[in-house]
Amino acid sequence: MATTPEARFSARVRDGLKAVGCDIERIENRVNLGVSDMLIGVGDCFVTVELKVVSRGLKVTLRPHQIAFLTRHALMGRPCFVLVLRAGGEVLKPERVLLYHGRDAVALAADGLRLSPLAEWPSRGMDWQTLRDYLSGRLS
């Protein structure tokens, strides 16, 4: 049962991407620190996605091991991303889902949500097919 905001976001991403033909593996790893939260099969390739929920302020909390993992794999040309739920739900601050490339992990940790995302969607009515297209490399 998804109880934390992070667990609810993870379940939502899993269900949304499965509906558009992705295979999802949630990674719970306490041994290899920094490994992203999800391994996603998109077509004939795998993509890693780190999930974050920001409920107050602009700070996206990426730990040093996560930054190192994302940066190392992105520099080798491997598809890796950070998907952020900017929680809010208020009229003036509606929830948004933002996608960042792994190569931007250092800037994302430093600048938080002030950094322009690769793509952004309203949380309600999320366009899972377009997210799939970004993850597969069809959009950039």
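Residues numbered from 1 in each chain as written. Predicted model: local features only at pLDDT ≥ 70, side-chain atom pairs only at ≥ 80, totals over all residues. Heavy atoms only, no water.

1. Re the overall build of the chain
Worth spelling out the cut-off: Secondary structure elements follow DSSP: runs of H or I of four or more residues count as helices, runs of E of two or more count as strands, with numbering from the N terminus. Residues are treated as being in contact if the distance between any of their heavy atoms lies within 4.5 Å. All accessibility values rest on the Shrake-Rupley procedure with a 1.4 Å probe; residue burial counts only the protein chains present in the view. A positive count includes Lys and Arg, and a negative count includes Asp and Glu. His and the chain ends are not counted in either. Where a charge lies is defined by one atom per residue type, namely NZ (Lys), CZ (Arg), CG (Asp) and CD (Glu).
A count of helices and strands for the chain gives four helices and six strands. Going from the N terminus to the C terminus, the chain shows its helices and strands as α-β-β-β-α-β-β-α-β-α. Along the longest, intermediate and shortest principal axes, the C-alpha atoms of the chain span 40 × 35 × 30 Å. Excluding contacts between residues fewer than 6 apart, the proportion of contacts in the chain whose partners are at least 24 apart in sequence is 50%. When the accessible surface of the chain is summed, it comes to about 8,000 Å², and 52% of that surface belongs to carbon and sulfur atoms. When the 20 basic and 15 acidic side-chain charges of the chain are each reduced to a single mean position, those positions are 4 Å apart.

2. What about the layout of surface pockets?
For the record, the criterion: Of the two site types, the cavity is a set of points on a 1 Å grid over the protein atoms alone where a 1.4 Å probe fits but cannot get out, and the pocket is an open set with protein on both sides within 12 Å along at least five of seven lines, each lined by residues with an atom within 4 Å of a point. Grid points are joined across faces, edges and corners, and a volume is the space filled by probe spheres set on the points. Residues are sorted three ways: Asp, Glu, Lys and Arg are charged, Ala, Val, Leu, Ile, Met, Phe, Trp, Tyr, Cys and Pro are nonpolar, and all the rest, Gly among them, are polar.
If you add up the space inside the largest pocket, you get close to 470 Å³. Residue lining of the largest pocket: 24 residues in total, with Asp 37, Glu 50, Lys 52, Arg 63 and Gln 66 positioned closest to the centre. Put simply, the parts of the chain that give the lining of the largest pocket at least two residues each are α1 (5-18) and β3 (45-54). Looking at which element gives the most residues to the lining of the largest pocket, the answer is β3, with five residues. Each residue belonging to the lining of the largest pocket can be placed in one class, and the counts come to seven nonpolar, seven polar and ten charged. If you add up the space inside the second largest pocket, you get close to 190 Å³. What lines the second largest pocket is a set of 15 residues, and nearest its centre among them are Pro 79, Phe 81, His 101, Tyr 134 and Gly 137. Here the lining of the second largest pocket takes three residues from helix α4 (residues 128-136), the largest share from any one element. Residues that form the lining of the second largest pocket fall into these classes: eight nonpolar, five polar and two charged.

3. A closer look at the pairing of β3
Just so we agree on the cut-off: Summary of the burial criterion: residues with accessible area below 20% of their type's maximum are buried, those above 50% are exposed, and those between are partly exposed, where the area comes from a 1.4 Å probe applied to protein chains only. Strand pairing is defined by DSSP finding a minimum of two bridges between the two strands.
For β3, a buried count of eight out of ten residues is recorded, marking the element as mostly surrounded by other parts of the structure. Taken together, the five bridges between strand β2 (residues 38-42) and β3 define a ladder with antiparallel strand orientation. Note on β3: the bridge partner recorded for Leu 39 is Thr 48. Here β2 folds back onto β3 in antiparallel fashion, the turn holding two residues, of which Gly 43 has a positive phi close to 65°.

4. Some points on the packing of aromatic side chains
Threshold: Two rings from Phe, Tyr or Trp (for Trp, the six-membered ring) form a pair when their centres are within 6.5 Å of each other. A pair whose planes differ by under 30 degrees is stacked, one over 60 is edge-to-face, and the rest are tilted.
Summed over all chains, the structure comprises one aromatic pair. On the numbers, 6.1 Å between centres and 80° between planes, the contact of Trp 121 with Tyr 134 is edge-to-face. With Trp 121 in strand β6 (residues 119-122) and Tyr 134 in helix α4, this residue pair connects regions lying 13 residues apart in the sequence.

5. A few points about helix α2 (residues 64-75)
What counts is decided by this rule: In a helix, the anticipated span is given by 1.5 Å times the number of residues less one. Summarising the geometry, the arc corresponds to the directions from the helix axis toward the C-beta atoms.
Under the 1.5 Å per step criterion, the end-to-end length of α2 is 16 Å for twelve residues, consistent within 8% with the ideal 16 Å. The complete set of buried residues in α2 reads Gln 66, Ile 67, Phe 69, Leu 70, His 73 and Ala 74. An end-on view of α2 places all buried positions within 165° of arc, on one side of the element. Facing away from the buried side of α2 by more than 90 degrees, the exposed set consists of Pro 64 and Leu 75. Buried residues along α2 sit against β3, β4 (80-86), β5 (96-101) and α3 (105-111). Just downstream of α2 lies Gly 77, where phi reads positive at about 85°.

6. Focus: the confidence of the model for the chain
This is how the line gets drawn: The predictor attaches a confidence to each residue, called pLDDT, with possible values from 0 through 100.
Residue-level pLDDT values for the chain average 92, and 94% of them are 70 or greater. For the chain, strand β1 (residues 23-26) is the element with the lowest average pLDDT, namely 94, and α3 is the one with the highest, namely 98.

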